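Survey of secondary and tertiary structure
Chain residues, written in single-letter form:
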Amino acid sequence: MIETLCSHYNIEIAFVDTLNTMGLIQIEIIEQKHFIHQDQIGNLEKIIRLHNELNVNLEGIDVVFNLLEKERKLQQELNAIKNRLRLYENE
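Quick look at the structure, then. From a predicted model like this one, the values you see are computed outputs, not experimental measurements.

Inspection of the secondary structure puts glutamine 40 in the loop between strand S2 (33–36) and helix H3 (41–53). Within polar-contact distance, the side chain of glutamine 40 engages the backbone nitrogen of glutamine 26 at 2.6 Å. In this view, glutamine 40 contacts Ile25 and Gln26; residues no more than four positions away in its chain are not counted.

Printed below as a string of structure tokens:
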């Protein structure tokens, strides 16, 4: 539950709500209780570190995550191109 996470990481529920509104994390509602999927805990931890330790504001965090996503997609594309190139080199 979000309340448990907020207590554990010493953050406000409003902070998590803002992250959800910005699309940085997704809150799931199950039986009127708010949860963050286990797969997103790592991103939440990164966001908290960027915000608390490096004093990056939420807009900056959004930019960082967008750039990381673009990098991930470009890396996938590069790997696909390398694989196709290997096919032609082995002919």
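Okay, helix H1 (residues 2–9) next. Since the α-helix packs 3.6 residues into each turn, any two residues three or four apart lie on the same face. What H1 keeps buried is the set Ile2, Leu5 and Cys6. Projected down its long axis, H1 carries its buried residues within an arc of 100 degrees, all on one side. Opposite the packed face of H1, turned more than 90 degrees from it, sit the exposed residues Thr4, Ser7 and His8. Looking at the buried residues of H1, the elements they touch are helix H2 (13–22), strand S1 (27–30), S2 and H3.

This part covers the pattern of salt bridges. Overall, the coordinates contain 1 salt bridge when judged by the stated rule. In this structure, arginine 72 and glutamate 69 form a salt bridge, with 2.4 Å as the shortest nitrogen-oxygen distance. Of this pair, arginine 72 and glutamate 69 both sit in helix H4 (residues 58–89), 3 residues apart, roughly one helical turn. Residue glutamate 69 is classed as partly exposed on the basis of its relative accessible area, which comes to 31%.

About the cut-offs
One numbering rule holds for all chains: residues counted from 1, following each sequence as written. Local features in a predicted model are, by the rule used here, given only for residues with pLDDT of at least 70; side-chain atom pairs are given and counted only at 80 or more, and totals for whole chains, interfaces and linings are based on all residues. Water and hydrogen atoms play no part in the side-chain values, which are based on all heavy atoms of the structure. In DSSP terms, a helix is any run of H or I states spanning at least four residues, a strand is any run of E spanning at least two, and both are numbered starting from the N terminus. As used in this structure description, the phrase polar contact means that two N or O atoms lie within 3.5 Å; if the pair is within protein, one of them must be able to donate a hydrogen and the other to accept it, and residues adjacent in sequence are counted only when both atoms belong to side chains. In this description, contact between two residues means that some pair of their heavy atoms is separated by no more than 4.5 Å. The cut-offs for exposure are 20% and 50% of the maximum accessible area for each residue type, with area from a 1.4 Å probe on protein chains only; residues under the lower value are buried, those over the upper are exposed, and the others partly exposed. Read the arc as the range of directions from the helix axis to the C-beta atoms. Any Lys or Arg side-chain nitrogen located within 4 Å of an Asp or Glu carboxyl oxygen qualifies as a salt bridge.

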